[in-house]
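Working through the structure, step by step
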Amino acid sequence: GTFHAVLPRFSVRYKPSSQLTLYANSAKGYIPGGFNLTAAQADLPDNILRFASETMWSHEGGFKWRSADGKLRLAGAAFYIRSNNWQEIQVATDASGRIISSDYIGASASIESKGFELEASAEPIGGLTLTANVGYSDARYRDLQVDATTNVRGQRVKLVPAYDGYLAARYQTPEGFFARAELALTGKMSLESRGEAVQPATQMVGLQAGYEGPHWSARAFVENLTDVRRATGLAFRNLAFGNDGNWYAPVGRGRQIGIELAWKL
């Protein structure tokens, strides 16, 4: 297959002072189409075997600011995205709802997404760095026919969390020893198009400490300290043996503890 696209982009930037920058831009995004070879089964329609290219228009406006001494930085943006041929992972089902194909990419969804992002970083004292960011997204289907009688218009786009956030504090001594603590926040997220299986909001904690020198470094770390178990992919309820009342989805990694050594030549 051969795919072509013209992708315009428009932007404007205004700097009222040396510390503040304002900007706005609009751009057309593009992902080429392709082929779903793993979904080739006799009882699937031919249009599943090939999926169309994805195009979208995204509009964004925001600001960037830093203090006079450079120790405090802020940035924020609001965005709006719309696509009439959104590519996403789907599965084919029979009249009873049982899965009859492996995962495939479809481009039949129309979606609309809007939200904002905020970021901040600070160095209140020597060696201490504080970082924070938060993002909110309201991404919903404008049109997606999932079976002969069901259109999920108005439901949240699957696998897109309602928000995400990050908080981190890092302290490093002049000798190179450091410690870091971080908290990752992820909002609730639909695990399938109908909005019936929803992953609740989760919070993950990470810790690390170590040494960074001119020629070698070492760190001990703990990821996902509280051992949060979170679904990371599509959820299915009706498998080959029928609907047993449960949802099935891949689960992300649990708590990890490790040591890392690095040498620089």
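To be clear, the structure that these remarks concern was listed above.
Cut-offs used in this document
- Residues numbered from 1 in each chain as written.
- Predicted model: local features only at pLDDT ≥ 70, side-chain atom pairs only at ≥ 80, totals over all residues.
- Heavy atoms only, no water.
- Helix = DSSP H or I, 4+ residues; strand = E, 2+ residues; numbered from the N terminus.
- Contact = heavy atoms within 4.5 Å.
- Buried < 20%, exposed > 50% of the residue type's maximum accessible area, 1.4 Å probe, protein only.
- Pairing = 2+ DSSP bridges.
- Axes fitted to C-alpha atoms, helices over the stretch in contact; angles between N-to-C directions.

1. Let's talk about the side chain of serine 190
Tracing the backbone shows serine 190 in strand E11 (residues 189-190). Excluding anything up to four places from it in sequence, serine 190 contacts Arg156, Lys158, Leu159, Gly195, Ala197 and Val198.

2. Some thoughts on unusual backbone geometry
Of note in the backbone geometry, leucine 159 takes a positive phi value of approximately 65° without being a glycine. Mapped onto the secondary structure, leucine 159 falls in the loop between strand E8 (128-143) and strand E9 (163-172). Unusually for a residue other than glycine, asparagine 224 sits at a positive phi of about 55°. Overall, asparagine 224 belongs to the buried group, its relative accessible area being 8%.

3. So, the pairing of strand E10 (residues 177-186)
In this structure, E9 lies alongside E10, joined through nine bridges in antiparallel fashion. By the bridge assignment, arginine 170 is partnered in E10 with arginine 180. Between E9 and E10, which pair antiparallel one after the other, the connecting turn spans four residues, and glycine 176 there sits at a positive phi close to 110°. Two strands pair when backbone bridges link them, and E10 and strand E13 (residues 202-212) are joined in this way by 10 bridges, in the antiparallel orientation. Note that in E13 the partner of alanine 181 across the bridge is leucine 207.

4. Regarding the sheet that holds strand E7 (residues 104-122)
Judged by pairing direction, the sheet is antiparallel, and its 11 strands sit side by side in the order E1-E2-E5-E6-E7-E8-E9-E10-E13-E14-E17 without closing on themselves. At either end of the open sheet lies a strand with only one pairing partner, and these are strand E1 (9-14) and strand E17 (256-263). Strand-to-strand twist across the sheet, computed as the mean angle between neighbouring axes with direction ignored, equals 15°. As paired strands, strand E2 (residues 20-31) and strand E5 (residues 54-66) are joined by 12 bridges and run antiparallel to one another.

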